[in-house]
Amino acid sequence: MEFKDYYQILGVERDASQDDIKRAYRRLARKYHPDVSKESDAEARFKEMKEAYEVLKDPEKRSAYDQFGANWKAGQDFQPPPNWQREYSFGGGGESFGDAGQFSDFFETLFGQARGGGFGGFRTGGRMKGEDINASVTIPLEDAYRGASRTITLEVPEADTDGSVRRRRKTLNVKIPPGITAGKRIRLEKQGGPGFGGSPPGDLYLAIDFEPHPFYRADGRDIHLELPVTPWEAALGRKVKVPTLGGAVDLQIPAGSSSGKMLRLKGRGLSGTPPGDQYVELKVVVPPASDEKTRELYETLERGHSVNPRAKLGV
Amino acid sequence: MAERTLAGLRGIVLDEQVTFTLGELSHACGVRTELVVEMVDHGVIEPATSTDEWQFYGDSIVRAQRALRLVQDLELNWPGAALVLDLLDELDRLQKR
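Residues numbered from 1 in each chain as written. Chains lettered and ligands numbered in written order. Predicted model: local features only at pLDDT ≥ 70, side-chain atom pairs only at ≥ 80, totals over all residues.

Details of the overall build of chain A
Working step 1: Across its full length, chain A holds 9 helices and 11 strands.
Working step 2: Buried residues in chain A amount to 29% of all 315 residues.
Working step 3: In chain A, 56% of the contacts between residues at least 6 apart in sequence involve partners at least 24 apart. (Helix = DSSP H or I, 4+ residues; strand = E, 2+ residues; numbered from the N terminus. Buried ≥ 20, exposed ≤ 12 C-beta atoms within 10 Å, placed from the backbone. Contact = placed C-beta atoms within 7 Å.)

Quick look at the structure:
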């Protein structure tokens, strides 16, 4: 197994005081906490920090860890000394961290499994639920509209016959119901980590995210679309085709529209009770005067018009 | 590692279409009901109804679990966790614009 340099993980010197260690952990935890951080590797980083802090904040564990000395480097192949178990006994460390199977093999070999305990004594006693697992899946908007199935692969802890915990790969095929919106979570009861001592398994929470779409933007159940129109479609008012997730529909553009005008297609967003709407923002696209004919037409317009679009700007 | 495929699992979407009782919410978070009552008292989560028997919308599970992690990992108190969650929601909303 790989040696973990807990001092390096927290960014402190080996002779750092307990206060320094606490401060370093708090500062890093604020930055990398998965519920707060936008960093892509926040979850993995935070897990490492929690493990490092779990060891270094406890003087007994820290002094046991310290005897490996500064010669060990992170990632080096590590085996605990043969007399380790007899000299030190850490009866399942980490009473403040409830989730079993969270820490590395390195931690568990040295300090035992961080099992049980729980939320400052608030966790339901006796019936310790298995580990809840949070996962996420990114889907195209079309799949959110129609509903879809996704195969996801998770690593869940599983108790071996000898009671030790191993990570096992588990593949699930999950139905994504039509009308789901970005940021929502699907709860799959009892699909998380197994419970210990006859307690029920944990749950799986699957967070849904949308892939960026080439022209739609979702806001909850509403869909936003920027619709290019010609100056004459906007000025004269014309019926044009508009794409929606459910297929193209006709939209009447009111005469005298300008760029930025917002039109609503009721009920054409993501399904639900009530369904979302599609908002269409007009964007007038001006064809270039690239040939003689077009040029003449623009000049005719110019001659027939003395409108100043900048009047409100005082120029 | 062994592999096993389970076909076509249907979960519950945690939104305002589903509600949970106090007991169900506590169970989902793996905490005692007293702790959920504390969260309600501090405005971390809000019951969907004001009737005698509390019902919570699905998103309350997600919010309660996030609050629990924040309190535990960042040594926050309940009002602090509620404030962080509100600000994160606001940040999300602004970034979507």
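Some remarks on the overall build of chain B
Working step 1: Across its full length, chain B carries 4 helices and 4 strands.
Working step 2: C-alpha extents for chain B along the principal axes are approximately 45 × 35 × 30 Å.
Working step 3: By the burial criterion, 34% of the 97 residues in chain B qualify as buried.
Working step 4: When contacts within chain B are restricted to residue pairs at least 6 apart in sequence, those whose partners lie at least 24 apart make up 54%.

Some words on the sheet that holds strand β11 (residues 278-284) of chain A
Residues and elements named next belong to chain A.
Working step 1: Taken in spatial order, the 4 strands line up as β6-β7-β11-β10 in an open sheet, and their pairing is mixed. A strand with exactly one partner marks an edge of an open sheet, and here the two such strands are β6 (216-219) and β10 (262-265). Between one strand axis and the next, the sheet turns by 30° as a mean value, whatever way the strands run.
Working step 2: With 4 bridges joining them, β10 and β11 adopt antiparallel strand pairing. Its bridge partner lying in β11, Met262 is registered against Glu281. (Pairing = 2+ DSSP bridges. Axes fitted to C-alpha atoms, helices over the stretch in contact; angles between N-to-C directions.)

Observations concerning the confidence of the model for chain A
Residues and elements named next belong to chain A.
Working step 1: Looking at chain A, the pLDDT average stands at 84 and 86% of residues meet or exceed 70.
Working step 2: Considering only residues more than four positions removed or in separate chains, one finds that residues 91-101, a stretch of pLDDT under 50, has 40 contacts.
Working step 3: Here residues 115-122 is modelled with pLDDT under 50, and outside its nearest four sequence neighbours on either side it reaches 19 contacts, counting other chains as well. (pLDDT = per-residue confidence, 0-100.)

Comments concerning the nonpolar core
Working step 1: Leu25, Ile61, Ala64 and Ala67 of chain B are the most contacted members of the largest nonpolar core, which totals 44 residues.
Working step 2: Elements supplying a minimum of two residues to this core: α7 (141-146), β3 (165-176), β4 (185-188) and β5 (204-210) of chain A together with α1 (22-29), α2 (33-41), α3 (59-73) and α4 (78-96) of chain B.
Working step 3: For this core, the leading source of residues is α3 of chain B, giving 7 residues.
Working step 4: Beyond its immediate chain neighbours, meaning those up to four positions away, Ile61 of chain B contacts Arg187 of chain A together with Leu14, Phe20, Leu25, Ala28 and Cys29 of chain B.
Working step 5: By size, the runner-up hydrophobic cluster in this structure holds 20 residues, among which are Ile9, Met49, Ala52 and Val55 of chain A. (Core = buried A, V, L, I, M, F, W, Y, C linked by C-beta atoms within 7 Å.)

Details of the interface of chain A and chain B
Working step 1: Listed per partner, the contact involves 34 residues of chain A and 32 residues of chain B.
Working step 2: Here the side of chain A that touches chain B gets 9 residues from one element, more than from any other, and that element is β3 of chain A.
Working step 3: Looking at the side of chain A that touches chain B residue by residue, the class counts come to 11 nonpolar, 8 polar and 15 charged.
Working step 4: Bridge analysis of β4 of chain A against strand β2 (residues 12-13) of chain B gives 2 bridges, and the strand direction is antiparallel. Residue Ile186 of chain A lies in a different strand from β2 of chain B, and its bridge partner there is Val13 of chain B. (Nonpolar A, V, L, I, M, F, W, Y, C, P; charged D, E, K, R; others polar.)

Concerning the sheet that holds β2 of chain B
Working step 1: Spatially, β1(A)-β5(A)-β4(A)-β2(B) is the arrangement adopted by the 4 strands of the open sheet, whose pairing is mixed. Sheet topology places β1 (133-139) of chain A together with β2 of chain B at the edges, where each strand pairs with a single neighbour.
Working step 2: As paired elements, β1 of chain A and β5 of chain A share 7 bridges and run parallel to each other. The residue of β5 of chain A that forms the bridge with Val137 of chain A is Ile208 of chain A.

Quick word on the packing of α3 of chain B against α4 of chain B
All names here are of chain B.
Working step 1: Packing of α3 against α4 brings their axes to within 9 Å, and their N-to-C directions diverge by 120°. Overall, the two elements α3 and α4 adopt an arrangement that is oblique. Between α3 and α4 the crossing geometry is right-handed. Counting all contacts with α3, which are made through Arg63, Arg66, Ala67, Leu70 and Val71, the residues of α4 involved are Trp78, Ala81, Val84 and Leu85. (Parallel < 35°, antiparallel > 145°, perpendicular 65-115°, else oblique. Left-handed = near helix turned anticlockwise from the far one by under 90°.)

A short note on the environment of Gly130 of chain A
Residue and element names in this part refer to chain A.
Working step 1: Secondary-structure assignment places Gly130 in the loop between α6 (105-111) and β1.
Working step 2: For Gly130, a count of 25 C-beta atoms within 10 Å puts it in the buried group.
Working step 3: Separated by 62 residues in the primary sequence, Gly130 and Gly192 place their C-alpha atoms 6.9 Å from one another.
Working step 4: Beyond its immediate stretch of four places on either side in the chain, Gly130 contacts Gly192, Gly193, Pro194, Gly195, Ser199, Pro200, Pro201 and Gly202.

Observations concerning the pairing of β5 of chain A
Working step 1: Looking at chain direction, β4 of chain A and β5 of chain A are connected through 4 bridges and run antiparallel. For Leu188 of chain A, the partnering residue across the bridge sits in β5 of chain A and is Leu204 of chain A.

A few points about α3 of chain B
All names here are of chain B.
Working step 1: Over its 15 residues, α3 runs 21 Å from end to end, which matches the ideal 21 Å to within 8%, given 1.5 Å per residue.
Working step 2: Burial of α3 is extensive: 12 of the 15 residues sit out of reach of the surface.
Working step 3: For α3, the full list of buried residues reads Ser60, Ile61, Val62, Arg63, Ala64, Gln65, Ala67, Leu68, Arg69, Leu70, Val71 and Asp73.
Working step 4: Just beyond α3, the residue with positive phi is Glu75, at close to 55°. (Expected span 1.5 Å × (residues − 1).)

Section: the environment of Asn77 of chain B
All names here are of chain B.
Working step 1: Within the secondary structure layout, Asn77 lies in the loop between α3 and α4.
Working step 2: You can call Asn77 exposed: it has 11 C-beta atoms within 10 Å.
Working step 3: For the pair formed by Asn77 and Ala67, sequence separation is 10 residues and the distance between their alpha carbons is 9.3 Å.

With respect to the environment of Leu263 of chain A
Working step 1: The residue Leu263 of chain A is located in strand β10 in this model.
Working step 2: In this view, Leu263 of chain A contacts Leu251 and Val280 of chain A; residues no more than four positions away in its chain are not counted.

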